[in-house]
Amino acid sequence: MRIAAMLLGGALPFLPMLPASAFTAYVSNEGSNTVTVFDTETFEVTATIPVGQRPRGIQLTKDGKHLLVAVGDDDTIELVDTATHEIIGTLPSGPDPELFTLSPDGNLVYIANEDDNMVTIVDLAERAPVGEVQVGVEPEGMGISPDGKILVNTSETTNMAHFIDTETHEIVANVLVDARPRIAEFKQDGSEVWVSAEIGGTVSVIDPATKEIKKKITFEIPGLRAESIQPVGVRITKDGKKAYVALGPANRIAVIDADTHEVEDYLLVGQRVWQLSFTPDEKYLLGTNGVSNDVSVVDVAEGKVVNTVQVGELPWGVAVSEN
């Protein structure tokens, strides 16, 4: 740049080099009791963090300074400092926490406790419980509306999506879905919540206003039996145009038009794809493969798998933070 400026008589100002977009991914490894950390530009593993027993649900705080990890066999949520990779504390939960979600302002953590059929509500700053909601048997999925007013919890054995008023902590509706519901994912405009049913083999698209199922999305893959197609992780793009569903032992991620609810494609990934997460710029979609012990990297624009990252044993959840 300096040579060019000199040749042009100093007409051009010096322009600093801007860093390329780079993010950090965190993968909870249920079998090895670790979290794998890798760079989403180089796809190189940069750290392995030892955590408690059976880590599954994983999410970053709003400021990105802490990683929350549900360690089910230790009956708690661990807080990991993302700068030092040290465990700096825990959050109280009920027995066997699996999935959780944060309120839109990042102040509250809503935790599904599988063994006592309870949703625990925790103040993150105080690290203290502030409420609880009795729900169905084996609660798992946790989704919250963009305005923070409605929490949706799925119960695996009751086969319901429970709609919870976050102000009163009361269940306002129970929506029956197909067998073993896993994930509840809202569109960013709050118009729909998608609930995956692992054994039922469907995704129910629910209108949060009416609490009615608008559409049940089904999946067919040539050469695979229906029982091998098990929807689990769900992610929807910020603009609400595309949705992606991890299909477990089918080893595929379904690509869905989120307006028409029609399946457009199936992407072949690793073995038993489980949970999904976008990078913040939605350039990549990451999928954890629990049997092949790796993460598939999907280029969203290209619609294809472009890389695979080897991680720990039985990878379960994935979260991505800006560097």
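Residues numbered from 1 in each chain as written. Predicted model: local features only at pLDDT ≥ 70, side-chain atom pairs only at ≥ 80, totals over all residues. Heavy atoms only, no water.

Colleague: How would you summarise the overall build of the protein if you had to cite specific residues and measurements?
Modeller: Helix and strand counts for the protein come out as one helix and 28 strands. Its C-alpha atoms give the protein a radius of gyration of 20 Å, near enough to 20 Å, the size a compact globule of 323 residues would have. Its C-alpha atoms give the protein principal-axis dimensions of about 75 × 50 × 40 Å. Split into buried and exposed, the 323 residues of the protein put 55% on the buried side. Across the protein, contacts joining residues at least 24 apart in sequence account for 40% of those joining residues at least 6 apart. Carbon together with sulfur atoms contributes 49% to the accessible area of the protein, which is approximately 13900 Å² in total. Separation between the mean location of the 23 positive side-chain charges and that of the 49 negative ones in the protein comes to 5 Å. (Helix = DSSP H or I, 4+ residues; strand = E, 2+ residues; numbered from the N terminus. Rg over C-alpha atoms; globule rule 2.2 N^0.38 Å. Buried < 20%, exposed > 50% of the residue type's maximum accessible area, 1.4 Å probe, protein only. Contact = heavy atoms within 4.5 Å. Areas by Shrake-Rupley, 256 points an atom, 1.4 Å probe, with all protein chains shown as cover. Lys, Arg positive; Asp, Glu negative; His and termini not counted. Charge placed at Lys NZ, Arg CZ, Asp CG, Glu CD.)

Colleague: Run through the environment of A226, naming residues and quoting values.
Modeller: Summarising the element assignment, A226 is placed in the loop between β19 (212-218) and β20 (234-236). For the pair formed by A226 and Y26, sequence separation is 200 residues and the distance between their alpha carbons is 32 Å.

Colleague: Hey, could you go over the pattern of salt bridges for me, with residue numbers and the actual values?
Modeller: If you walk through the whole model with that rule in mind, you get 18 salt bridges. Notably, a salt bridge pairs R182 with E140, separated by 2.4 Å at the nearest N-O pair. Of this pair, R182 sits in strand β16 (residues 181-186) while E140 sits in strand β12 (residues 139-144), and the two are 42 residues apart along the sequence. Like R182, the residue E140 is buried in the burial classification. The closest approach of N and O atoms between K242 and E264, which form a salt bridge, is 2.2 Å. Placement of K242 in strand β21 (residues 242-246) and of E264 in strand β23 (residues 262-268) is noted, with a sequence separation of 22 residues between them. Judged by its relative accessible area of 28%, K242 falls in the partly exposed class. Among the charged side chains, a network of salt bridges with common partners joins R56, D96, E98, E114, E140, E156, R180, R182 and E198. (Salt bridge = Lys/Arg side-chain N within 4 Å of Asp/Glu carboxyl O.)

Colleague: Any chance you could break down the side chain of H162 for me, citing the residues and the numbers?
Modeller: Inspection of the secondary structure puts H162 in strand β14 (residues 160-165). Excluding residues that lie within four positions of it along the chain, H162 makes contacts with V135, G136, L151, V152, N153, S155, I171, A173 and N174.

Colleague: I'd like a rundown of the packing of aromatic side chains, residues and numbers included.
Modeller: For the structure shown, the criterion picks out two aromatic pairs. Ring geometry for F43 and Y284: centres 5.5 Å apart, planes at 70°, overall edge-to-face. Remark: Y284 occurs in strand β25 (residues 284-289) and F43 occurs in the loop between β2 (34-39) and β3 (45-50); sequence separation between them is 241 residues. Here the aromatic rings of Y244 and F278 are separated by 5.8 Å at their centres, their planes lie at 85°, and the arrangement is edge-to-face. Highlighted residues: Y244 in strand β21 and F278 in strand β24 (residues 273-278), separated in sequence by 34 residues. Both residues of the pair, Y244 and F278, count as buried. (Phe/Tyr/Trp six-rings, centres within 6.5 Å; stacked < 30°, edge-to-face > 60°.)

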